[in-house]
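So you can see what is in the structure, the chains are spelled out below.
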Protein chains: 2
Amino acid sequence: MATIKEVAKYAGVSVATVSRALNKNGYVSEAAQKKVEEAIKALDYFPNEVARSLYQKRSKMIGLLLPDISNPYFPLLMKGIEENARENGYSVILGNVEEGSKLKQDYMTLFGQQNVAGVLSAVEGTVSQNHSMPIVMLDRVLEEDDYAVYTNDVKGGILAAQAIMDRKPGNVLIIAGPKSVPGSIDRLIGILSVLNPTDVNYEIHQTRSFTIEEAKETAEVIFRKYKKIDSVLASNDLFALAVMKEAQTRGLHIPNDIQVIGYDDIPFSQLVYPGLTTISQPAFKLGYQASDLLIRLINKNKISKKRIKLDPKLMIRDSLRKK
Amino acid sequence: MATIKEVAKYAGVSVATVSRALNKNGYVSEAAQKKVEEAIKALDYFPNEVARSLYQKRSKMIGLLLPDISNPYFPLLMKGIEENARENGYSVILGNVEEGSKLKQDYMTLFGQQNVAGVLSAVEGTVSQNHSMPIVMLDRVLEEDDYAVYTNDVKGGILAAQAIMDRKPGNVLIIAGPKSVPGSIDRLIGILSVLNPTDVNYEIHQTRSFTIEEAKETAEVIFRKYKKIDSVLASNDLFALAVMKEAQTRGLHIPNDIQVIGYDDIPFSQLVYPGLTTISQPAFKLGYQASDLLIRLINKNKISKKRIKLDPKLMIRDSLRKK
């Protein structure tokens, strides 16, 4: 494939002129424009990324599968991904799969057609259809995934349960996230590893998704179903916020009558009253490191760690009682 | 350019076999695989989207510029865009510009290199560098933009101000959005058209952005600066939520001591206590229609309306006093 230098030489103009002519940006004389166009034709030069992609058999694009962009946790991941991708000259094509939909396969096909260089997926169980296309899983990671960046959710569960146990709970309700999401199980393992050795009363309420719609339904249900709870470990911040709102609507005081802890630390945790105490996942960092790992894979660069596990931390605000 | 049928005919196999051979998906005998590869070479067949894009001089991709994906209003827009694009066989490349950053130009260059078929932009003042690339502006639209989908913000301002005037305000504070965003000016025009003919006291607090960071700062500042306000018209829901939280932290009752109305109707407006009364922008519909308009432009289909203005509506919840 011809280079821009060869085009310039053939046309008898400078590389800068070829560049201006190609980008239709800045002054180029009619004569020079014509010479450049002839040179391009003669040398079969393709001036853009698409041509480069075809030539190299892959593009400078990454496909990204997310389960729910209306949950603010995922835009935070996306910001990290995008920043790293941009620094490396890659673009990100978005596939918003929606929790539980069948769009995952459609997007994987589309990504294949667009010749993406690799895929980042936060949709559990994403598998490459094409063995030459690298995939890095992030956030929702299975044991069999080769390349992955995720939070230590067992530790997250432990931190949340310890924060509750330090604050004299009476009856604890654990809102467990969907069983299909690996992190939900890990969080529950972490929580139970703290609660089980004690004699605290607890119940587990199982949910099917992390969506705002189910959060609102669940908040109503639990106050009817579990009469005496005074401490709630929520599956994510959306569920925690919905429980807080429902409690306040019922005239309960937070944290005196009922204390609540979330998971994720979405920006809204700080915008409610009282502020939500939660487990902070390093969302931006997860995204940034996942993109970094994928681009290393694409470029066959050295990879020191195939699976990267990041630590969550406890963010104390005002939805738990004083110690 | 050869078609897959011609490749099959040349190779003496079925189209299904060519497809399996190309996608490395399913069983293909070694002999058939070889014949297909020879046919592809002989006919100069390019089996993917990238090749198609090069051939047609444009891709099935749309570039999307957004100012801030961590504001939940924009993921809602994005969902509408993505759904329409997917229905039309287009992918969306995301450019998250961040309020006030200089990334807009970088992304436009990247989109050009990726040969996108068109651009959707919610970043004010986006201009095509390449006259053949269609652009549709959405949400943040200037008078000179040819193709645009946006909310009737004058009407939004009127609805918000009327809702306040119906509820006996004492001293009103208007938090005005950044002057660089056309919709901010329109909302203010709408608000003032309702307040000015009355004798209500009001003050205007000018802001520089719509970000959560500035929302938190502003909420603290206004309670120090404006002593007697009892009604707040916020520039968006993030600012409204921050004001509500600050008021509650100061022991004020919402809506009795201070009533607040937002703008956007992000999902969190429903998750706070009390629920935020706000002006609902049809975000999903804005995104969906903007993508539809752009793809019509790309395909040179009939366009009945170049600029589409959608109506906002008042969502009554509990942050305003009773009428």
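The shown structure was predicted, so the numbers you read here are calculated from the model rather than taken from an experiment.

Within chain A one finds 11 helices and 12 strands. A compact globule built from 323 residues would reach a C-alpha radius of gyration of about 20 Å, whereas chain A, at 26 Å, exceeds it by more than 25%. Across its three principal axes, chain A shows a C-alpha extent of roughly 85 × 40 × 35 Å. Taken across its 323 residues, chain A has 59% of its residues classed as buried.

This paragraph deals with the sheet that holds strand β9 (residues 259–264) of chain A. Residue and element names in this part refer to chain A. Read from one edge of the open sheet, 6 strands run β7-β6-β8-β9-β10-β12, paired in mixed fashion. A single partner strand is all that each edge strand has here, and the edge strands are β7 (201–206) and β12 (313–315). Neighbour to neighbour, the strand axes of the sheet diverge by 20° on average, direction disregarded. The pairing of strand β6 (residues 171–176) with strand β8 (residues 231–233) spans 3 bridges and is parallel.

It is worth spelling out the interface of chain A and chain B at this point. Opposite the 53 residues of chain A that make contact, chain B presents 53 residues. Taken together, both faces of the contact between chain A and chain B bury some 4800 Å²; the carbon and sulfur share is 63%. Between chain A and chain B we count 2 salt bridges in total. Here D68 of chain A ties to K79 of chain B by a salt bridge, and the two come within 3.9 Å at their closest N and O atoms. Across the contact surface, chain A and chain B share 20 residue pairs in polar contact (both at pLDDT 80 or more).

This part covers the sheet that holds strand β1 (residues 61–66) of chain B. Read across the open sheet, the 12 strands follow the order β11(A)-β5(A)-β4(A)-β3(A)-β1(A)-β2(A)-β2(B)-β1(B)-β3(B)-β4(B)-β5(B)-β11(B); overall the sheet is mixed. A strand with exactly one partner marks an edge of an open sheet, and here the two such strands are β11 (307–310) of chain A together with β11 (307–310) of chain B. Each strand of the sheet is rotated relative to its neighbour by a mean of 20°, with strand direction disregarded. Sheet topology note: the strand β4 (residues 135–138) of chain A/strand β5 (residues 148–151) of chain A ladder contains 2 bridges and is parallel.

Our next topic: the relation of the copies chain A and chain B. Rotating chain A by 180° and moving it 0.1 Å along the rotation axis overlays it on chain B with an RMSD of 0.2 Å. Classification of the inter-copy transformation places it as that of a two-fold axis. By C-alpha distance to the rotation axis, the residue of chain A lying nearest is I93 of chain A, at 2.2 Å. Interface overlap between copies is the fraction of interface residues in one copy that are interface residues in the other; for chain A against chain B it reaches 98%, indicating a shared surface.

Turning our eyes to something else, we now look at the packing of helix α5 (residues 73–87) of chain B against helix α11 (residues 283–298) of chain B. Residue and element names in this part refer to chain B. Two elements in contact, α5 and α11, have axes whose closest approach is 7 Å; the angle formed by their N-to-C orientations is 40°. If you check the angle between α5 and α11, you find them oblique. Crossing of α5 against α11: the hand is right-handed. Seen from α5, the contacting residues are Y73, L76, L77, K79, G80, I81, E83, N84, A85 and E87; seen from α11, they are A283, F284, L286, G287, Y288, S291, D292 and I295. For the contact of α5 with α11, a count of residues per class yields 10 nonpolar, 4 polar and 4 charged.

Here the focus is the packing of helix α7 (residues 153–165) of chain A against helix α8 (residues 182–195) of chain A. All names here are of chain A. For the pair α7 and α8, the least separation of the axes is 7 Å and the interaxial angle reads 40°. When the axis of α7 is compared with that of α8, the two are oblique. Crossing geometry of α7 relative to α8 is assigned as right-handed. Where α7 abuts α8, its residues D153, V154, G157, I158, A161, Q162 and M165 lie against G183, D186, R187, G190, I191, S193, V194 and L195. Its residues placed into classes, the contact of α7 with α8 shows 7 nonpolar, 5 polar and 3 charged.

What follows concerns the packing of aromatic side chains. In this description, an aromatic ring pair is defined by two values, namely the gap between the centres and the angle between the planes. Counted by the stated rule, this structure contains 7 aromatic pairs over all chains. Their ring planes at 5° and their centres at 3.9 Å tell us that F268 of chain A and F268 of chain B sit as a pair that is stacked. Of the two residues, F268 of chain A sits in the loop between β9 and β10 (277–280) while F268 of chain B sits in the loop between β9 (259–264) and β10 (277–280), which places them in two different chains. The two residues F268 of chain A and F268 of chain B agree in class, both being buried. Ring geometry for Y73 of chain B versus F74 of chain B: centroids 5.1 Å apart, planes at 75°, classification edge-to-face.

Quick look at the domain arrangement of chain A now. Split by domain assignment, chain A resolves into domain 1 (4–47), domain 2 (59–151 + 283–310) and domain 3 (153–281). One C-alpha centre belongs to domain 1 of chain A, the other to domain 3 of chain A, and the line joining them spans 63 Å.

Residues and elements named next belong to chain B. Tracing the backbone shows N84 in helix α5. C-alpha separation for the pair N84 and F284, spaced 200 residues apart in sequence, amounts to 10 Å. Within the structure, N84 has its side chain in polar contact with the backbone nitrogen of D292 (distance 3.3 Å).

Glancing now at the pairing of β11 of chain B. Residues and elements named next belong to chain B. By the alternation rule, side chains of β11 split into I308 and L310, which are all buried, and R307 and K309, of which none is buried. In this sheet, β11 lies alongside strand β5 (residues 148–151) in parallel orientation, the contact comprising 4 bridges. Bridged to Y150 within β11 is K309.

Let us look at helix α3 (residues 30–43) of chain B. Residues lying three or four places apart along an α-helix face the same way, a consequence of the helix completing one turn every 3.6 residues. Residues and elements named next belong to chain B. With 14 residues, α3 should cover 20 Å at 1.5 Å per step; its first-to-last C-alpha distance of 20 Å lies within 8% of that length. All of the buried residues along α3 are A32, V36, A39 and I40. The arc enclosing the buried residues of α3, seen along the axis, measures out at 100°, which places them on a common side. In this structure, α3 carries E30, K34 and K41 as exposed residues pointing more than 90 degrees from its buried face.

Our next topic: the environment of A85 of chain B. Residue and element names in this part refer to chain B. One can find A85 in helix α5. Taking relative accessible area as the criterion, A85 reaches 0% and is therefore assigned buried. For the pair formed by A85 and G125, sequence separation is 40 residues and the distance between their alpha carbons is 23 Å. Excluding residues within four positions of it along the chain, A85 makes contact with I62, Y90, V92, S291 and I295.

Criteria and thresholds
Sequence order as written defines the numbering, with residues in each chain counted from 1. Chain letters and ligand numbers both follow the written order, the letters beginning at A and the numbers at 1. Whole-chain, interface and lining totals are the exception, using all residues; otherwise, since this is a predicted model, local features are given only for residues with pLDDT of at least 70 and side-chain atom pairs are given and counted only at 80 or more. For the side-chain quantities, the full set of heavy atoms in the structure was used; hydrogens and water were omitted. Elements are defined by DSSP. Helices are runs of H or I of four residues or more, strands are runs of E of two residues or more, and each kind is numbered from the N terminus. Just to be clear, the radius of gyration here is over C-alpha atoms, and the globule rule we use is 2.2 Å times residues to the power 0.38. Whether a residue is buried, partly exposed or exposed follows from its accessible area with a 1.4 Å probe, protein chains only, as a fraction of its type maximum: under 20%, in between, or over 50%, in that order. Here the rule is simple: two strands pair whenever DSSP picks up at least two bridges between them. Fitted lines through C-alpha atoms serve as axes, helices being fitted only where they are in contact, and the angles separating the N-to-C directions of these axes extend from 0 to 180 degrees. By definition in these notes, contact holds between two residues if any of their heavy atoms fall within 4.5 Å. Once two parts are brought into contact, the accessible area they lose, counted with a 1.4 Å probe and summed over both, makes up the buried area. A carboxyl oxygen of Asp or Glu within 4 Å of a side-chain nitrogen of Lys or Arg is what we treat as a salt bridge. Any pair of N or O atoms that falls within 3.5 Å is considered a polar contact. Within protein, one atom must be able to donate a hydrogen and the other to accept it, and sequence-neighbouring residues count only if both atoms are side-chain atoms. C-alpha atoms of residues with pLDDT of at least 70 in both copies form the basis for the least-squares superposition of the copies. Reported orientations rely on four angle classes, namely roughly parallel under 35 degrees, roughly antiparallel over 145, roughly perpendicular from 65 to 115, and oblique for the rest. In this scheme the handedness of a crossing depends on how the near helix is turned from the far one: anticlockwise by less than a right angle means left-handed, clockwise means right-handed. Side-chain classes follow a simple rule in which Ala, Val, Leu, Ile, Met, Phe, Trp, Tyr, Cys and Pro form the nonpolar group, Asp, Glu, Lys and Arg form the charged group, and the remainder, Gly included, forms the polar group. The rule is short: rings of Phe, Tyr and Trp, with Trp giving its six-membered ring, pair when the centres are within 6.5 Å, and they are stacked under 30 degrees, edge-to-face over 60, tilted in between. The split into domains, and so the bounds of each, comes from an automatic or database assignment of domains. Expected helix span is taken as 1.5 Å per residue step, with the number of steps being one fewer than the number of residues. As used here, the arc belongs to the directions running from the helix axis to the C-beta atoms.

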